[in-house]
Amino acid sequence: MSTIIYPSPIFGPVHSRRLGISLGINLLPADGKVCSFDCIYCECGFNEDHRPTLPLPTRELVAERLEAKLKEMNTEGQLPDVLTFAGNGEPTCHPHFAEIIDDTIRLRDQYCPKAKVSVLSNSTMIHRQQVHDALMKVDNNILKLDTVDPIYINKVDHPNGTYDVAQIIDRLKAFNGHVIIQTMFMRGEAAGESVDNTGEEYVGPWLEAVKEIKPQQVMIYTIDRETPTMGLQKATHEQLDEIRDRVIAAGIPCSASY
Ligand code: SF4
């Protein structure tokens, strides 16, 4: 079973061909996972298997550690290309997420003005005005929309509270294009049921929602690491390419990661 629990509040940098040098900011505790979803494909494992004992990092601690790391990287002459909010769960669950974004933008401007600020989020907190406004300030507002089928969402993403996909789509539209949609496509089974969302019954309605949202970009991807649920399979290159090409044909830039 896969369980990648990231250090907190700063981890990396990670060198990626796609992003360059990415410095991670993890707003969750260092010894467990906290998320408003509990995806069957989560690389951090299931929530109940990784209950943290440590508190969330404070706003002050995040700023202090980020500044120290940026100073260190500056001394080494290797500044980040991107500051990425990701890690052990959902970053927008942090009660001071908006203030932390302001601190991060200030430190970015001071130490590495060319770096982008990216947030990877599952979209469950975008109804909060403060979260919306903070995400409008970041360079890459990357929000998850795995499907528009409520049954599939409950089966695969396991939202902790109410998740109304129509409301989520409305809130995604409210970014007026300042949003990148990220979608996981996969095949296989979980608990004896298919979790394949690569068929037309899923892709067609999802694509219609994407067209309504009018994002600046779409990123589609598939399982890359071990998952806490057995029986999941990667979507094929051909399937991802075909979905990507349909998004592009709709006039929206799209990348596929295999
Ligand atoms: S939203 Fe992300 S962090 Fe949360 S359970 Fe799903 S994959 Fe894991």
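Residues numbered from 1 in each chain as written. Predicted model: local features only at pLDDT ≥ 70, side-chain atom pairs only at ≥ 80, totals over all residues. Heavy atoms only, no water.

**Concerning the overall build of the protein**
Piece 1. The secondary structure content of the protein amounts to 7 helices and 11 strands.
Piece 2. Relative to the 2.2 N^0.38 estimate, which gives 18 Å for 258 residues, the radius of gyration of the protein is 18 Å and therefore close to what a compact globule would have.
Piece 3. With respect to the principal axes defined by its C-alpha atoms, the protein has extents near 50 × 40 × 35 Å.
Piece 4. Here the protein holds 258 residues, and the buried ones make up 53% of them.
Piece 5. Of all intrachain contacts in the protein linking residues separated by at least 6 positions in sequence, the fraction that spans at least 24 positions is 72%.
Piece 6. On the protein, roughly 11800 Å² of surface is accessible, and the fraction owed to carbon and sulfur atoms is 50%.
Piece 7. Seen as two clouds, the 25 positive and the 36 negative side-chain charges of the protein have centres 5 Å apart. (Helix = DSSP H or I, 4+ residues; strand = E, 2+ residues; numbered from the N terminus. Rg over C-alpha atoms; globule rule 2.2 N^0.38 Å. Buried < 20%, exposed > 50% of the residue type's maximum accessible area, 1.4 Å probe, protein only. Contact = heavy atoms within 4.5 Å. Areas by Shrake-Rupley, 256 points an atom, 1.4 Å probe, with all protein chains shown as cover. Lys, Arg positive; Asp, Glu negative; His and termini not counted. Charge placed at Lys NZ, Arg CZ, Asp CG, Glu CD.)

**A look at the sheet that holds strand E3 (residues 82-85)**
The strands making up a sheet associate through hydrogen bonds between their backbones, and the pairing can be parallel or antiparallel.
Piece 1. Strand order in the open sheet formed by 8 strands is E1-E2-E3-E4-E5-E6-E9-E11, and the pairing between neighbours is mixed. Every interior strand has two partners, whereas the edge strands, strand E1 (10-16) and strand E11 (254-257), have only one. Looking at each pair of strands side by side, their axes are set apart by 20° on average, direction ignored.
Piece 2. Inspection of the sheet shows strand E4 (residues 116-121) paired to strand E5 (residues 140-144) by 4 bridges, in the parallel sense. Note that in E5 the partner of serine 118 across the bridge is asparagine 140.
Piece 3. The strands touched by helix H7 (residues 237-249) within the sheet are strand E9 (217-221) and E11, with E11 carrying the most contacts at an inclination of about 170°. (Pairing = 2+ DSSP bridges. Axes fitted to C-alpha atoms, helices over the stretch in contact; angles between N-to-C directions.)

**Some remarks on the site of the ligand**
Piece 1. Close contacts around the ligand come from Lys33, Cys35, Phe37, Asp38, Cys39, Tyr41, Cys42, Gly89, Asn122 and Lys144, and that covers them all.
Piece 2. The class makeup of the residues in the shell around the ligand is 5 nonpolar, 2 polar and 3 charged. (Near = heavy atom within 4 Å. Nonpolar A, V, L, I, M, F, W, Y, C, P; charged D, E, K, R; others polar.)

**Some points on the pattern of salt bridges**
Piece 1. Inspection of the entire model under this criterion finds 15 salt bridges.
Piece 2. The network of salt bridges with shared partners includes Arg59, Asp103 and Arg106. (Salt bridge = Lys/Arg side-chain N within 4 Å of Asp/Glu carboxyl O.)

**Some remarks on the packing of aromatic side chains**
Piece 1. The tally for this structure, following the rule as stated, stands at 5 aromatic pairs.
Piece 2. Between the aromatic rings of tyrosine 6 and phenylalanine 11, the centroid separation amounts to 4.7 Å while the plane-to-plane angle is 35°, which identifies the pairing as tilted.
Piece 3. Residue tyrosine 6 is classed as buried on the basis of its relative accessible area of 16%.
Piece 4. You can call phenylalanine 11 buried: its relative accessible area is 10%.
Piece 5. Centre to centre, the rings of phenylalanine 85 and phenylalanine 97 are 6.2 Å apart; their planes meet at 75°, and the pair counts as edge-to-face. Highlighted residues: phenylalanine 85 in strand E3 and phenylalanine 97 in helix H2 (residues 97-111), separated in sequence by 12 residues. Exposure class is identical for phenylalanine 85 and phenylalanine 97. Each is buried. (Phe/Tyr/Trp six-rings, centres within 6.5 Å; stacked < 30°, edge-to-face > 60°.)

**Some thoughts on the side chain of histidine 178**
Piece 1. Turning to its location among the elements, histidine 178 is positioned in the loop between helix H5 (165-173) and strand E6 (180-184).
Piece 2. At 2.8 Å, the side chain of histidine 178 forms a polar contact with the backbone oxygen of valine 138.
Piece 3. Beyond its immediate stretch of four places on either side in the chain, histidine 178 contacts Leu135, Met136, Val138, Asp139, Asn141 and Gln216. (Polar contact = N/O pair within 3.5 Å; in protein donor to acceptor, adjacent residues only side chain to side chain.)

**Thoughts on the layout of surface pockets**
Piece 1. Computed from the structure, the largest pocket encloses a volume of approximately 1500 Å³.
Piece 2. Taken together, 47 residues line the largest pocket, and the ones lying closest to its centre are Glu43, Leu120, Gln182, Tyr221 and Arg225.
Piece 3. Elements with a contribution of two residues or more to the lining of the largest pocket: E1, strand E2 (20-25), E3, E4, E5, E6 and E9.
Piece 4. Split by residue class, the lining of the largest pocket holds 21 nonpolar, 16 polar and 10 charged. (1 Å grid on protein atoms, 1.4 Å probe; cavity = no way out; pocket = protein on both sides within 12 Å on 5 of 7 lines; lining within 4 Å. Points joined across faces, edges and corners; volume = space filled by probe spheres on them.)

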